Amino acid sequence: MNASISLKLFDITQEFIQDKEKAREFVAKIEETIDDKFNTEKNNLVTKIDLSEMETRTEKRFSDTNKTIYIVGLIPFLAIVGSVLAIVNFMIK
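Criteria and thresholds
Residues numbered from 1 in each chain as written. Predicted model: local features only at pLDDT ≥ 70, side-chain atom pairs only at ≥ 80, totals over all residues. Heavy atoms only, no water. Helix = DSSP H or I, 4+ residues; strand = E, 2+ residues; numbered from the N terminus. Rg over C-alpha atoms; globule rule 2.2 N^0.38 Å. Buried < 20%, exposed > 50% of the residue type's maximum accessible area, 1.4 Å probe, protein only. Areas by Shrake-Rupley, 256 points an atom, 1.4 Å probe, with all protein chains shown as cover. Lys, Arg positive; Asp, Glu negative; His and termini not counted. Charge placed at Lys NZ, Arg CZ, Asp CG, Glu CD. Axes fitted to C-alpha atoms, helices over the stretch in contact; angles between N-to-C directions. Parallel < 35°, antiparallel > 145°, perpendicular 65-115°, else oblique. Left-handed = near helix turned anticlockwise from the far one by under 90°. Contact = heavy atoms within 4.5 Å. Nonpolar A, V, L, I, M, F, W, Y, C, P; charged D, E, K, R; others polar. Expected span 1.5 Å × (residues − 1). Arc of directions from axis to C-beta. Patch = residues over 30% accessible without salt bridge, like charges linked within 9 Å, V, L, I, M, F, W, Y side chains within 5 Å. Salt bridge = Lys/Arg side-chain N within 4 Å of Asp/Glu carboxyl O. pLDDT = per-residue confidence, 0-100.

For this particular structure, what's the right way to read the overall build of the protein chain?
The helix and strand tally for the protein chain stands at 3 helices and 0 strands. Along its sequence from the N terminus, the protein chain presents helices and strands in the succession α-α-α. The C-alpha atoms of the protein chain give 34 Å as radius of gyration, which overshoots the globular expectation for 93 residues (12 Å, by more than 25%). Seen through its principal axes, the protein chain has C-alpha atoms that stretch 110 × 15 × 15 Å. Counting the 93 residues in the protein chain, one finds 6% classified as buried. Carbon together with sulfur atoms contributes 65% to the accessible area of the protein chain, which is approximately 8,500 Å² in total. Charge separation in the protein chain, taken as the distance between the mean sites of 13 positive and 15 negative side-chain charges, equals 10 Å.

Below, the structure written as structure tokens:
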């Protein structure tokens, strides 16, 4: 929390809490609570590094999947070509 927000919060709090020390303590507790909440939740935030790593992994999986599809498609194609050549060779003899 930056200083200007803390000062505004302190001014607003002073309307309800006349003792300046108690108002400062109240604002400090609020800031501490916000900082603690942020520190516990920041692990759930995504960073640029996380996004970059995820993109790299996704591209690798996509590439691997494409290779697998081509290989799986190539095997039946070769089997069909071999069968056609065998039939043509059998018919010629």
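This is not the end of the story, as more comes after the structure.
In this structure, what is going on with the packing of helix α1 (residues 3-16) against helix α2 (residues 20-41)? I would like to understand it.
Following both chains from N to C, one finds α1 and α2 inclined at 130°, their axes separated by 9 Å at the closest point. Viewed along their axes, α1 and α2 adopt a mutual orientation that is oblique. α1 and α2 meet at a crossing whose hand is right-handed. Within the contact between the two elements, α1 uses Ser6, Leu9, Phe10, Thr13 and Gln14 and α2 uses Lys20, Ala23, Arg24, Phe26, Val27, Ile30 and Glu31. For the contact of α1 with α2, the class distribution of residues is 6 nonpolar, 3 polar and 3 charged.

Looking at this model, I keep getting lost on α1. Mind explaining?
One turn of the α-helix equals 3.6 residues, which is why residues spaced by three or four share an orientation. Over its 14 residues, α1 runs 20 Å from end to end, which matches the ideal 20 Å to within 8%, given 1.5 Å per residue. Along α1, the residues classified as buried are Ser6, Phe10, Thr13 and Gln14. An end-on view of α1 places all buried positions within 105° of arc, on one side of the element. Among the exposed residues of α1, those pointing more than 90 degrees away from its buried face are Lys8 and Glu15. On the buried face of α1, the contacting elements are α2.

Help me understand a nonpolar patch on the surface in this model?
Where nonpolar side chains cluster on the molecular surface, the patch consists of Leu74, Phe77, Leu78, Val81 and Leu85 and spans about 480 Å² of accessible area. Structurally, Leu85 can be placed in helix α3 (residues 48-92).

What is the right way to look at the confidence of the model for the protein chain in this model?
In regions of low pLDDT, the predicted coordinates are not meant to be interpreted in detail. On average, residues of the protein chain carry a pLDDT of 87, and 99% of them reach 70 or more. Within the protein chain, the lowest mean pLDDT, 80, falls on α1, and the highest, 92, falls on α3.

Looking at this structure, I do not really get the pattern of salt bridges. What am I missing?
The tally for this structure, following the rule as stated, stands at 2 salt bridges. Note that Lys60 and Asp64 form a salt bridge whose closest N and O atoms lie 3.1 Å from each other. Highlighted residues: Lys60 and Asp64, both in helix α3, separated by 4 residues, approximately one helical turn.

Got a minute to help me understand the side chain of Thr13 in this structure?
Take Thr13: it is sitting in helix α1. The class for Thr13 is buried, based on a relative accessible area of 5%. Non-local contacts of Thr13, meaning those with residues more than four positions away in its chain, are made with Ala23, Phe26 and Val27.

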